[in-house]
Amino acid sequence: MKRILYCLTIFLCACWLPIQAYLIRDATAADAPALLTLWQAVVTTTDSLASITRDEITLDWVNDILKATVENQTIFVAENEDKSLVGAIWGQKPKLRSLAHCLVSTIFFVHPDHQNKGLGKQLITYALANIKQSHPEITRIELGVMASNTAALNLYSSLGFKIEGRREQKVAKADGTFETEILMALLNPANS
Ligand SMILES: CC(C)(COP(=O)(O)OP(=O)(O)OC[C@H]1O[C@@H](n2cnc3c(N)ncnc32)[C@H](O)[C@@H]1OP(=O)(O)O)[C@@H](O)C(=O)NCCC(=O)NCCS
């Protein structure tokens, strides 16, 4: 009887709580078309990235981003079991010596069908661990978040990012209203 109950529990758990496996890895230049598709899917279904619209995300632009980040190893992607990209995070390293300790223009998103499943946390944790290892010189990671983006604000806060300021009416949305941007930064990631 005990054995039957055990098997039944395993079976029900497998049915109700399917475990999704993702591969998180460094991005390569070859990821450009898949990254374009993913980014466009994200901005089409949410306005959390209100500073950019679908038609503004072009293959040329994605190629430029990959050119600036792949060599520096500051871009990471999550791949689904079917090899499609379902998440991405990157930051840029300024060329100026006075800013070489910063990671700026950080962008981070997960495909809408894969949000709220823990992937975002896995992806940013992986990125931070890799930045610590490959870039001990980076002592400041900065990003901007829309004030209404509770999920992202909670996630960054839980990882030690601190709010440094607000930019009122920073982003004009398609409906004519404005969004406030919250500026956040993580200092000395190697110690966190
Ligand atoms: C923000 C984003 C990357 C988070 O990815 P995700 O895979 O959905 O997040 P996770 O499931 O890993 O959740 C991680 C944490 O986010 C927070 N969070 C997620 N969804 C939340 C919600 N609906 N409300 C409040 N907090 C939430 C929680 O702190 C959560 O940690 P916990 O589960 O330990 O409490 C994703 O929602 C996304 O791509 N949104 C659209 C684009 C975007 O906003 N990017 C960030 C721009 S700065």
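Each value, and the rule that gives it
Residues numbered from 1 in each chain as written. Predicted model: local features only at pLDDT ≥ 70, side-chain atom pairs only at ≥ 80, totals over all residues. Heavy atoms only, no water. pLDDT = per-residue confidence, 0-100. Contact = heavy atoms within 4.5 Å. Pairing = 2+ DSSP bridges. Helix = DSSP H or I, 4+ residues; strand = E, 2+ residues; numbered from the N terminus. Axes fitted to C-alpha atoms, helices over the stretch in contact; angles between N-to-C directions. Left-handed = near helix turned anticlockwise from the far one by under 90°. Nonpolar A, V, L, I, M, F, W, Y, C, P; charged D, E, K, R; others polar. Core = buried A, V, L, I, M, F, W, Y, C linked by side-chain atoms within 4.5 Å. Buried < 20%, exposed > 50% of the residue type's maximum accessible area, 1.4 Å probe, protein only.

Draft legend 1. Summary view of the confidence of the model for the protein chain. When pLDDT is averaged along the protein chain, the result is 89; 90% of the residues meet or exceed 70. A low-confidence stretch, residues 1–17 (pLDDT under 50), is modelled with 1 contact involving residues beyond four sequence positions or located in other chains.

Draft legend 2. Fine view of the pairing of strand E6 (residues 162–172). Both E6 and strand E7 (residues 178–187) contribute to a ladder of 7 bridges, which runs antiparallel. By the bridge assignment, arginine 167 is partnered in E7 with glutamate 181. The loop that links E6 with its antiparallel partner E7 comprises 5 residues; one of these, glycine 176, has a positive phi angle of about 95°.

Draft legend 3. Structural context of the packing of helix H2 (residues 32–45) against helix H3 (residues 59–69). Where H2 meets H3, the axes come as close as 9 Å, and the angle between the chain directions of the two elements is 115°. Note that H2 runs across H3; the crossing there is right-handed. Across the interface between the two elements, Ala32, Pro33, Leu35, Leu36 and Trp39 from H2 touch Leu59, Trp61, Val62, Asn63, Ile65 and Leu66 from H3. Residues of the contact of H2 with H3, tallied by class, amount to 10 nonpolar, 1 polar and no charged.

Draft legend 4. Spotlight on the side chain of glutamate 181. For glutamate 181, the position within the fold is in strand E7. Residues within four places of glutamate 181 in sequence aside, it is in contact with Gly144, Val145, Met146, Gly165, Arg166, Arg167 and Lys170.

Draft legend 5. How the structure looks around the nonpolar core. Counting residues in each nonpolar core, the largest one holds 28 residues, and the members touching the most others are Ile124, Ile141, Tyr156, Phe161 and Met184. Residue assignment for this core shows that the elements contributing at least two residues are strand E2 (75–79), strand E3 (85–92), strand E4 (102–110), helix H4 (119–134), strand E5 (140–146), helix H5 (150–158) and E7. Broken down by element, the residue count for this core peaks at 6 residues, all from H4. Non-local contacts of phenylalanine 161, meaning those with residues more than four positions away in its chain, are made with Ile124, Ile141, Leu143, Tyr156, Met184, Ala185 and Leu186. Counting 20 residues, the second largest nonpolar core, distinct from the first, contains Leu36, Val62, Val77 and Phe109.

Draft legend 6. Main features of the side chain of aspartate 31. You can see aspartate 31 is positioned in the loop between strand E1 (23–26) and H2. The residues contacting aspartate 31, other than those within four sequence positions of it, are Arg25, Leu66, Val77 and Leu85.

Draft legend 7. Up close: the environment of tyrosine 156. Take tyrosine 156: it is sitting in helix H5. For tyrosine 156, the residues in contact, after removing those within four places along its chain, are Phe108, Ile124, Leu143, Val145, Phe161 and Met184.

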